[in-house]
Amino acid sequence: MKSYEYRAAAVQTLAEVGNVDANLEICAHYVKQAALQDVRVIVFPECMNAGYLYDSIPHARQVAESVAGKFVSGLAKLARKYDVYIASGMIEWDPKAEKVFNTGILLDRKGELVVHYHKQFLTTHDQNWFKFGERGFPVVDTELGHVGLMICFDGRIPEIPRCTALGGAQVILDMANFFLIDQADMWRPARALENGVWICAATKAGQERSIYYPGGSMIVDPNGNLQAKVAWGTHGMAVSEIDPTLADNKRYILNADKFADRRPDTYTVLTRPYEETAVSKTSMEPIIPGEMTFNMAAAQTHVSESQPTTLDRVVEQVSHGARFGVELMVLPEYVASPNWRIDETEAKRLASINNELLEKFGDVCKTSKCAILVPNVEEVDGKLYPTSFLIGPEGNVLMSYRKVHLFSDERAWATAGSEYPVVDTPYGRIGIMMGYDGMFPEAARCLGTNGADVILWPARLQDRKERTLIAVPRAVDNRCAVILANRVDAPFWGGSMLALPAQFPVWDVDVATPYYPDMHKIILEVIEIASARQKNMMANVHMFAKRQPWTYNALVEK
């Protein structure tokens, strides 16, 4: 083990409601066990001091305590006794603010409070007892590296872990009460991957009054790989070595960089008050569900030399799809190129045939009264832009989008776009992102904030995890449908899919939507715009209205 590596433990247990003494005994047991395994930081679940489901607001106030109270003092003694860091969730009474918060704390080896955090994104039942957090996203430099905290549902919207990572966090300690398996299986690896940070998540297992916690305590590395996990429905610890310096490397495929390639100048809508955003209006607009339900598809077909496919063959295939009843189709990135990597010569060739492409696919749209997204290149005033064109049922261009986030091979010849347009169409409100855009949660989040019902994502995927960990959160974070159309010659080939606004019934993407590696596949889903138009993940948990955009300035700082 390197000198700056250490062992971490995520504890999976169950707290007793209102019994701080019993809960401290539980903590003492696991701290002792962890110390025997040379663990340097132990993470306990959310609201570990007093449980989570209270009888009433007065009961919640009764069991809450300050950070100078019995629970934190007890943990501090354990930290000093065993020479370890301890993180835990707690229900906190703040006597100065006169409010009850869902709080996370980190104590150092001397028992000193070094991080004090409030949960920001509150679930339905959180809102029965707690106030929204008021402490921002603190990150502290410790012997463990740069450490930040997160609490459970905070991980369900991307701004919170993103701001924490932008604040310098190498390791995010997550105190949770997961009651949906997806919160662990998909969202923690996804947040680790997109931010390039370690996530050490501790949750509960067992029955607390009316809620059953399935578990899901885990430690995930900066590449989204699971390093340790406690079995579902059991108590114990996930223990793993952590090298915090791995989080300093934000490099990605094609000499990309997850942070350096961000476009803060394009994310300003994410810092605006909810009332000033398009989604605040569109989510309140009435629609007739039966009139806004469509067959939509990813058309996994493109020009190819290795799998001989001409442009006319691609047109023929989408024509078949349209006759089958598909009303909106998305083609893969650079559909008219036989190569997934584009140099300047090829980009200029694609730009030169742009009108031909629009005419050919426009004819299909007019004949079959459908819409097709055609990703290509356009040349304007001597500049080349990777651009996608949505052609409507009259054969005209309904909207276009210029790619905002460019890979290094594209930066050699391309000019990036700077906007995330969302347009009313006969098929709902449509937004577009292309290829590398999808790796940036801000891109899809801007489209969601701009009121998108459906996000079209033509791609040349670089990594399987873009399908298995990124596509579904881009949909569910924003309560949008996402249509991912991928090339079959990309580094990760095929696997085009549609992710629904209201989540899949299972969290293994390859089970929920089968992986097809083959050319000429049409992957179809029925998209209900009504499901995308309402933005509540659960009762009174609005994915946009409950955000705190005044705390997200880190997103737009260069």
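Above this text sits the structure in question.
Note that this is a predicted model, so its numbers are computed, not measured.

Chemist: What exactly am I supposed to notice about empty space enclosed by the protein here?
Modeler: The probe, sized like a water molecule, is rolled over the atoms to show the empty space still left. Here the structure, examined in full by the defined rule, presents one cavity of 30 Å³ or more. Each pocket or cavity is described by its volume, and for the largest cavity that value is around 40 Å³. Split by residue class, the lining of the largest cavity holds four nonpolar, no polar and four charged.

Chemist: Could you clarify how one ought to interpret the packing of aromatic side chains in this entry?
Modeler: Geometry of an aromatic ring pair is reported as the spacing of the ring centres plus the angle between the planes. For the structure shown, the criterion picks out ten aromatic pairs. Consider the rings of Phe 137 and Tyr 552, whose centres lie 6.4 Å apart with planes at 25°: the pair is stacked. Taken together, the residues span a long stretch of sequence, with Phe 137 in the loop between helix H4 (126–129) and strand E6 (139–142) and Tyr 552 in the segment after strand E29 (541–542) at a distance of 415 residues. Of the two residues, Phe 137 and Tyr 552, neither departs from the other in class, the shared state being buried. A connected cluster of aromatic rings, assembled from ring pairs, spans Tyr 54, Trp 129 and Phe 130. Directly above the aromatic system of Trp 187 lies the positively charged group of Arg 156, at a separation of 3.8 Å from the ring centroid. In this arrangement the basic side chain of Lys 250 is found over the ring face of Phe 259, its NZ or CZ atom lying 4.7 Å from the centre.

Chemist: Explain helix H12 (residues 441–449) to me, please; I cannot follow it from the model alone.
Modeler: Along an α-helix, residues three or four apart share an orientation, since each turn contains 3.6 residues. Within H12, nine of the nine residues are buried, which leaves it mostly tucked inside the rest of the structure. Burial in H12 covers these residues: Pro 441, Glu 442, Ala 443, Ala 444, Arg 445, Cys 446, Leu 447, Gly 448 and Thr 449. A positive phi of about 95° marks Gly 451, the residue just after H12.

Chemist: Quick question: what am I supposed to make of the environment of Phe 294 here?
Modeler: Mapping Phe 294 onto the fold places it in strand E17 (residues 293–300). When its relative accessible area of 6% is taken as the criterion, Phe 294 is described as buried. Sequence separation of Phe 294 and Ile 527 is 233 residues, and the distance between their C-alpha atoms is 5.3 Å. Contacts of Phe 294, omitting those with residues within four sequence positions, involve Glu 327, Pro 426, Tyr 427, Gly 428, Glu 525, Val 526, Ile 527 and Ile 529.

Chemist: Even after reading the chapter, I still don't get the packing of helix H1 (residues 20–36) against helix H3 (residues 70–82), so can you show me in this structure?
Modeler: Any two packed helices are characterised by how steeply their axes cross, that is the angle between the axes, and by the distance between the axes. Two elements in contact, H1 and H3, have axes separated by 10 Å at closest approach and are oriented at 20°. Judged on the interaxial angle alone, H3 and H1 are roughly parallel. Every pair of crossing elements has a handedness; the one defined by H1 and H3 is right-handed. For the pair H1 and H3, the contacting residues are Val 20, Asp 21, Leu 24, Cys 27, Ala 28, Val 31, Lys 32 and Ala 35 in the first and Lys 70, Phe 71, Gly 74, Leu 75, Leu 78 and Tyr 82 in the second. Split into classes, the residues belonging to the contact of H1 with H3 amount to ten nonpolar, one polar and three charged.

Chemist: How do you make sense of the packing of helix H6 (residues 181–195) against helix H13 (residues 464–476) when you look at a structure like this?
Modeler: Where H6 meets H13, the axes come as close as 9 Å, and the angle between the chain directions of the two elements is 105°. Considering the angle they form, H6 stands roughly perpendicular to H13. In contact with Asp 185, Met 186, Trp 187, Pro 189, Ala 190, Arg 191, Leu 193 and Glu 194 of H6, H13 contributes Lys 465, Thr 468, Leu 469, Ile 470, Val 472, Pro 473, Arg 474 and Val 476. Of the residues contributing to the contact of H6 with H13, the split by class is ten nonpolar, one polar and five charged.

Chemist: So what exactly am I meant to see when it comes to the side chain of Gln 462 here?
Modeler: On the secondary structure map, Gln 462 appears in the loop between strand E24 (454–459) and H13. By relative accessible area, which is 6% here, Gln 462 ends up buried. Among the polar contacts listed, one links the side chain of Gln 462 to the backbone oxygen of Arg 460, at a separation of 2.8 Å. Those residues within four positions of Gln 462 in sequence are excluded, and the remaining contacts are Tyr 252, Ile 253, Leu 254, Trp 340, Phe 407, Pro 491 and Phe 492.

Chemist: So what exactly am I meant to see when it comes to the layout of surface pockets here?
Modeler: The space that makes up the largest pocket amounts to roughly 260 Å³. For the largest pocket, the lining is made up of 15 residues, of which Asp 185, Met 186, Pro 189, Leu 469 and Trp 507 are closest to its centre. Within the residue set of the lining of the largest pocket, elements represented by two or more residues are H6, strand E13 (226–229), H13 and helix H14 (509–512). Looking at the lining of the largest pocket element by element, the count peaks at four residues for H6. For the lining of the largest pocket, the class distribution of residues is eight nonpolar, two polar and five charged. Taken as a whole, the second largest pocket spans an internal volume of roughly 160 Å³. Together, Ile 57, Ala 60, Arg 61, Trp 93, Glu 98, Lys 99, Val 100, Gln 127, Asn 128, Trp 129, Phe 130 and Lys 131 line the second largest pocket. Counting only elements with at least two residues in the lining of the second largest pocket, the list comes to helix H2 (57–63), strand E4 (99–107) and H4.

Chemist: How should the sheet that holds strand E26 (residues 497–499) be read in this particular structure?
Modeler: What links the strands of a sheet is backbone hydrogen bonding, and the strands pair in either a parallel or an antiparallel sense. Spatial strand order, E22-E23-E24-E25-E26: five strands in an open sheet with mixed pairing. Edge positions in the open sheet fall to strand E22 (422–425) and E26, since each of these has one partner strand only. When strand polarity is set aside, the average angle formed by the axes of neighbouring strands in this sheet is 25°. Sheet analysis places strand E25 (residues 481–486) next to E26, joined by three bridges and oriented antiparallel. From the neighbouring strand, Ile 483 faces E26, where its bridge partner is Leu 498.

Chemist: What should I look at first to understand the sheet that holds strand E8 (residues 171–175) in this one?
Modeler: Within the open sheet, the six strands sit side by side as E6-E7-E8-E9-E12-E13. Their pairing is mixed. In the strand order of this sheet, the two ends are held by E6 and E13, each with one partner. Looking at each pair of strands side by side, their axes are set apart by 20° on average, direction ignored. Bridge count between strand E7 (residues 145–151) and E8: five bridges; the pairing is parallel.

Chemist: Explain the environment of Leu 469 here, please?
Modeler: Among the secondary structure elements, Leu 469 is positioned in helix H13. You can call Leu 469 buried: its relative accessible area is 10%. Residues Leu 469 and Thr 142, 327 residues apart in the sequence, show an inter-C-alpha distance of 30 Å. Beyond its immediate sequence surroundings of up to four residues, Leu 469 is in contact with Asp 185, Met 186, Pro 189, Ala 190, Leu 193 and Gly 224.

Parameters at a glance
Residues numbered from 1 in each chain as written. Predicted model: local features only at pLDDT ≥ 70, side-chain atom pairs only at ≥ 80, totals over all residues. Heavy atoms only, no water. 1 Å grid on protein atoms, 1.4 Å probe; cavity = no way out; pocket = protein on both sides within 12 Å on 5 of 7 lines; lining within 4 Å. Points joined across faces, edges and corners; volume = space filled by probe spheres on them. Nonpolar A, V, L, I, M, F, W, Y, C, P; charged D, E, K, R; others polar. Phe/Tyr/Trp six-rings, centres within 6.5 Å; stacked < 30°, edge-to-face > 60°. Helix = DSSP H or I, 4+ residues; strand = E, 2+ residues; numbered from the N terminus. Buried < 20%, exposed > 50% of the residue type's maximum accessible area, 1.4 Å probe, protein only. Lys NZ or Arg CZ within 6 Å of the ring centre and 35° of its normal. Contact = heavy atoms within 4.5 Å. Axes fitted to C-alpha atoms, helices over the stretch in contact; angles between N-to-C directions. Parallel < 35°, antiparallel > 145°, perpendicular 65-115°, else oblique. Left-handed = near helix turned anticlockwise from the far one by under 90°. Polar contact = N/O pair within 3.5 Å; in protein donor to acceptor, adjacent residues only side chain to side chain. Pairing = 2+ DSSP bridges.

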